[in-house]
Amino acid sequence: MKIFIDTANLDMIKEINSWGILDGVTTNPSLIAKEGVDVRTRVREIAEIVDGPISAEAMSTTAEEMVKEGRELASIHPNINVKLPMCVETLKATKILSSEGIKVNVTLIFSPLQALLAAKAGAAFVSPFVGRLDDIGQYGSDLVEEIMAIFNNYGIGTEVIAASIRGPNHVLDATLCGCDIATIPYDTLKKMIGHPKTDEGIAKFVADYEKSKKN
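Residues numbered from 1 in each chain as written. Predicted model: local features only at pLDDT ≥ 70, side-chain atom pairs only at ≥ 80, totals over all residues. Heavy atoms only, no water.

Engineer: Can you break down the overall build of the protein residue by residue, with the values?
Structural biologist: Secondary structure summary: the protein contains 11 helices and 8 strands in total. When the backbone C-alpha atoms are referred to their principal axes, the protein occupies close to 75 × 40 × 30 Å. Within the protein, buried positions represent 45% of all 215 residues. Partitioning the contacts of the protein with sequence separation of at least 6, the portion at a separation of at least 24 is 56%. (Helix = DSSP H or I, 4+ residues; strand = E, 2+ residues; numbered from the N terminus. Buried < 20%, exposed > 50% of the residue type's maximum accessible area, 1.4 Å probe, protein only. Contact = heavy atoms within 4.5 Å.)

Following this line, the structure appears as structure tokens:
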């Protein structure tokens, strides 16, 4: 499974990239606003750090405007794909952009049929939002599993990005159903490294080593 980081913070991206595990980056207007920079500047800076897909969100509301904004975003760097929220206008824009070789990440997916329609329109990626479904009492990971089953049934090449990840369990669920990608917050990536028994084992090894030097 590919691992993306869901942030627009350059320091976080640089750190996770230094681990050798980072395959791409997703951003959104809220994340970029926190950094106090404009979208074009920040995605260009991210592209200089990470050699992989970078999602930049278009904010237009009509297909014509989405296509125009999508072309502008994609022109910044070859690795940039255009994030569009699931709706009729997005399907129209996705058909056009994908025909021009511009990759589209259809986001705010909350049902498997939405994912199917986005894929048929030409989306390179679909992003089901796991955590937001958990928030309203549904089991969000079921959505990812259902999408993967449909795509596998029909040999659909669109990649599925498990998004709105709230913790390591969401990442584990995504891996177990064969999800292509998980886009993960910085704090969750840090949590995935540690385990109390690992810390305990390291402490014991260090203590035993120090003892051996005294003998």
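There's more to say after this.
Engineer: Please set out a nonpolar patch on the surface residue by residue, giving values where relevant.
Structural biologist: Together, Trp19, Ile21 and Ile193 make up a nonpolar patch on the protein surface, roughly 260 Å² of accessible area in all. Checked against the element boundaries, Ile193 lands in helix α10 (residues 186-193). (Patch = residues over 30% accessible without salt bridge, like charges linked within 9 Å, V, L, I, M, F, W, Y side chains within 5 Å. Areas by Shrake-Rupley, 256 points an atom, 1.4 Å probe, with all protein chains shown as cover. Salt bridge = Lys/Arg side-chain N within 4 Å of Asp/Glu carboxyl O.)

Engineer: Which residues make up the sheet that holds strand β8 (residues 181-184), and what are the values?
Structural biologist: An order of β1-β2-β3-β4-β5-β6-β7-β8 is seen for the 8 strands of this closed barrel, with the pairing classed as parallel. Direction aside, neighbouring strands of the sheet carry axes that sit 30° apart on average. Two elements, strand β7 (residues 159-162) and β8, share 2 bridges in a ladder whose sense is parallel. Along β8, the bridge assignment pairs Ile161 with Ile181. Contacts from helix α4 (residues 63-74) reach β3 (54-57) and β4 (80-85), with the element oriented near 155° to β4. (Pairing = 2+ DSSP bridges. Axes fitted to C-alpha atoms, helices over the stretch in contact; angles between N-to-C directions.)

Engineer: With reference to specific residues and values, describe the pattern of salt bridges.
Structural biologist: Enumeration according to the criterion identifies 11 salt bridges in this entry. Between Lys83 and Glu57 there is a salt bridge; the shortest N-O distance is 3.7 Å. With a gap of 26 residues between them, Lys83 in strand β4 and Glu57 in strand β3 connect regions that are remote in the sequence. Each member of the pair Lys83 and Glu57 is classed as buried. One connected set of salt bridges, linked through shared partners, spans Glu35, Arg42 and Glu45.

Engineer: Got a sec to walk through the side chain of Glu159? Specific residues and values, please.
Structural biologist: With respect to the helices and strands, Glu159 occurs in strand β7. At a separation of 2.9 Å, a polar atom in the side chain of Glu159 contacts the side chain of Lys2. Leaving out residues up to four positions away in the same chain, Glu159 has contacts with Lys2, Ala124, Phe125, Val126, Asp180 and Ile181. (Polar contact = N/O pair within 3.5 Å; in protein donor to acceptor, adjacent residues only side chain to side chain.)

Engineer: Give me the lowdown on the packing of α4 against helix α5 (residues 88-99), citing residues and values where you can.
Structural biologist: A packed helix pair is summarised by two numbers, namely the angle formed by the two axes and the spacing between the axes. The N-to-C vectors of α4 and α5 enclose an angle of 45°; their axes lie 8 Å apart at closest approach. Put simply, α4 runs oblique to α5. Every pair of crossing elements has a handedness; the one defined by α4 and α5 is right-handed. When α4 is examined against α5, the residues Ala63, Met66, Val67, Gly70 and Arg71 are found in contact with a partner set consisting of Glu89, Thr90, Lys92, Ala93, Ile96 and Leu97. (Parallel < 35°, antiparallel > 145°, perpendicular 65-115°, else oblique. Left-handed = near helix turned anticlockwise from the far one by under 90°.)

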